Amino acid sequence: MAQKGVQLDREAFSCSICLDLLKDPVTTSCGHSYCMNCIKSFWDEEDVKKLHSCPQCRQTFTPRPLLLKNTMLAVLVEELKKTGLQAAPADHCYAGPEDVSCDVCTGRKQKALKSCLVCLASYCEKHLQPHYDAAPLTKHKLVDPSKKLQENICSRHDEVMKMFCRTDQQCICYLCSVDEHKGHDTVSAAAERTERQRELEVSRLNIQQRIQDREKDVKLLQQEVEAVNRSADKAVKDSKKIFTELIRLMEKRSSDVKQQVRSQQKSQVSRVKELQEKLEQEISELKRRDAELKLLSHTEDHNQFLHNYPSLSPLREPTDSSAIDIRPLSYFEDVTAAVSEVRDKLQDVLREKRTNVSLAVTEVDVLLSNSQAEPKTRAEFLRYSSEITLDPNTANTRLLLSEGKRKATVMRKHQPYSSHPDRFTRWSQVLSRESLTGRCYWEVEWRGEVVYVAVAYKNVSRTGNSNECGFGWNDKSWALRCDKNSFIFRYNKILTLISGPQSSRVGVYLDHKAGILSFYSVSETMTLLHRVQTTFTQPLYAGLWIWCHGDTAEFCKLK
């Protein structure tokens, strides 16, 4: 009784709008109390009608009343909070406007805990208990609370719709199935749900697989973006360094030419000045002698003339004028011409190489470009044909290699191969000598019971007694199993059955960068058997796994 009294007290101090304890309580003239914000919001919506009313008794007020906080009521609410009794039947147990309410509760309804698809009613925790206790009710189907239970009632016959008409694709009741839907393809709603559920799960699996594929694509594209950015940054850095070195080399060559010209200039000017000084000295001497001879020629005394004439000193040998070879003014013009020739040739080289650099830049290709499109015809595939030979160091000792190491045959006797760490010891397998990157295409002609046509990383397991050494039984190899009746693709122990025309020749197309690996049945036409889209992290090697004695597989010579 005490607990019930607490509940009544709590309801008395609750706002009928938010159903919670009053906050900043105000009281209208009609005597009802609300949270100040709740009644203000309520009346804000009524402002357009110019008429305001009490949410409980609907008494109207004109004009809009001025609200004042009810101090005494606020104190009582605070005291109620301090008692800790508000935990008794909390307000969150009662149904709000957005909740599904219990159909059994009277008065203020509590939230429904479950809805019953048989009773077509919703129940709170208290009124749901009979569905757990009463034997006939325990078989009823309980679901999360729903407001749409009445949609399960046939509007024509007022019966629960437990049937489904596949002809008209709608839910019906039993009376509908013998009335207007008579002769239609009808099943129980549960059976149709089971079928649709199966389809739904398949659809979800497909969607999840597509999500995984797209996430892989997004990751691949992100890696491509990062790789392009890294490569571009490195190219810019390296190009800047190379051009800087080229500029420094040109500056050094310019300095060398300048130094050579100045040195030659100094040497030649020095020679000219030396000769010039000699000539000037000779001119001075000749002028002095000319003055002496002039003076002597004017002597009137014959005896004196004859006496002084022999005493004149002889002239020195004149400077060899042939040493002076006056040429047209073209001393260092040849240097200018030579440098100009270097400049012109360098411009030609830079122009040519710039074109090559520009082509190299424009040929940068990412996964989205059209150049990554997979070939369509055999002629297009043959453009990427690769000559593949088998590596004897990897061949199992039961395999005999022939035809220029392009063909492998299973023998009864072991072959005298030398010991090698790359050799397959468990299964009759062999890898190619050539690593495969970029775009490659090859064909394998096989004969016998079972042959695997495969590609694998170099670090695929070679030894051991388990199947994990076999192509397709690990995450380092991809293999197409060929026999007389079927094709099966296998990767990391997961097999995929493949439908396609049987053929003794299998074509394999690899686009390492794009992560594409495709297998084709090759006869008069090419038929795609299986296509892998993934990310290859290492170079690949072509592989063969031949099972039975006498069976063969050969890498074909392609024209």
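No experiment lies behind these values; they were computed from the predicted model shown.

So, how was this worked out
Residues numbered from 1 in each chain as written. Predicted model: local features only at pLDDT ≥ 70, side-chain atom pairs only at ≥ 80, totals over all residues. Heavy atoms only, no water. Pairing = 2+ DSSP bridges. Helix = DSSP H or I, 4+ residues; strand = E, 2+ residues; numbered from the N terminus. Expected span 1.5 Å × (residues − 1). Buried < 20%, exposed > 50% of the residue type's maximum accessible area, 1.4 Å probe, protein only. Arc of directions from axis to C-beta. UniProt positions renumbered as here; feature names shortened; annotations may be inferred. Axes fitted to C-alpha atoms, helices over the stretch in contact; angles between N-to-C directions. Core = buried A, V, L, I, M, F, W, Y, C linked by side-chain atoms within 4.5 Å. Contact = heavy atoms within 4.5 Å.

A. Quick peek at the pairing of strand β12 (residues 407-410). Here strand β11 (residues 399-402) pairs with β12 via four bridges, running antiparallel. Paired with S402 across the two strands is K407, which belongs to β12. What sits between β11 and β12 in their antiparallel hairpin is a turn of four residues, with E403 showing a positive phi close to 55°. Here β12 runs beside strand β23 (residues 552-555); their pairing, made up of three bridges, is antiparallel. By the bridge assignment for β23, A408 is matched with A553.

B. Quick look at helix α3 (residues 71-82). Counted at 1.5 Å a residue, the expected span for α3 with its 12 residues is 16 Å, and the 17 Å between its end C-alpha atoms agrees. Regarding α3, the residues found buried are L73, A74, V77 and L80. The buried residues of α3 all sit within an arc of 120° when viewed along its axis, so they share a single face. Exposed residues on α3 whose side chains face more than 90 degrees from its buried face are T71, M72 and K82.

C. Structural view of the UniProt feature "coiled-coil region" (unreviewed entry) in the protein. Those places that UniProt annotates as "coiled-coil region" (unreviewed entry) correspond, in this numbering, to residues 204-238 and 262-296. Each end of residues 204-238 is marked by a C-alpha atom, and these two atoms are 50 Å apart; helix forms 100% of the span and strand 0%. Measuring from the first to the last C-alpha atom of residues 262-296 gives 50 Å, for a span that is 100% helix and 0% strand.

D. Representation of the sheet that holds strand β8 (residues 163-165). Here we have three strands laid out as an open sheet, ordered β9-β8-β10, and antiparallel in their pairing. Two strands close off the open sheet at either side, each with one partner strand: β9 (170-172) and β10 (186-188). Ignoring strand direction, the axes of neighbouring strands in this sheet form an average angle of 35°. Across three bridges, β8 lies against β9 in antiparallel orientation. Within β9, the position partnered with C165 by the bridge is Q170.

E. Representation of the nonpolar core. Judged by nonpolar contacts, the single largest core of 37 residues is most densely connected at W442, W478, L480, V506 and L517. Ignoring sequence-local partners within four residues, the contact set of V506 consists of W442, E443, V444, W446, V453, L480, C482, F487, F519, Y520 and V522. Counting residues in each nonpolar core, the second largest holds 17 residues, with L21, V26, L67 and L73 among its members.

F. How the structure looks around the sheet that holds strand β22 (residues 540-546). Spatially, six strands are ordered β13-β22-β15-β16-β17-β18 in an open sheet, and the strand pairing comes out antiparallel. Strands with a single pairing partner mark the edges of an open sheet, and in this sheet they are β13 (429-431) and β18 (494-498). Within the sheet, the average angular offset between the axes of one strand and its neighbour, ignoring direction, is 20°. Judged from the five bridges that link them, strand β16 (residues 477-482) and strand β17 (residues 487-491) form a sheet pairing that is antiparallel.

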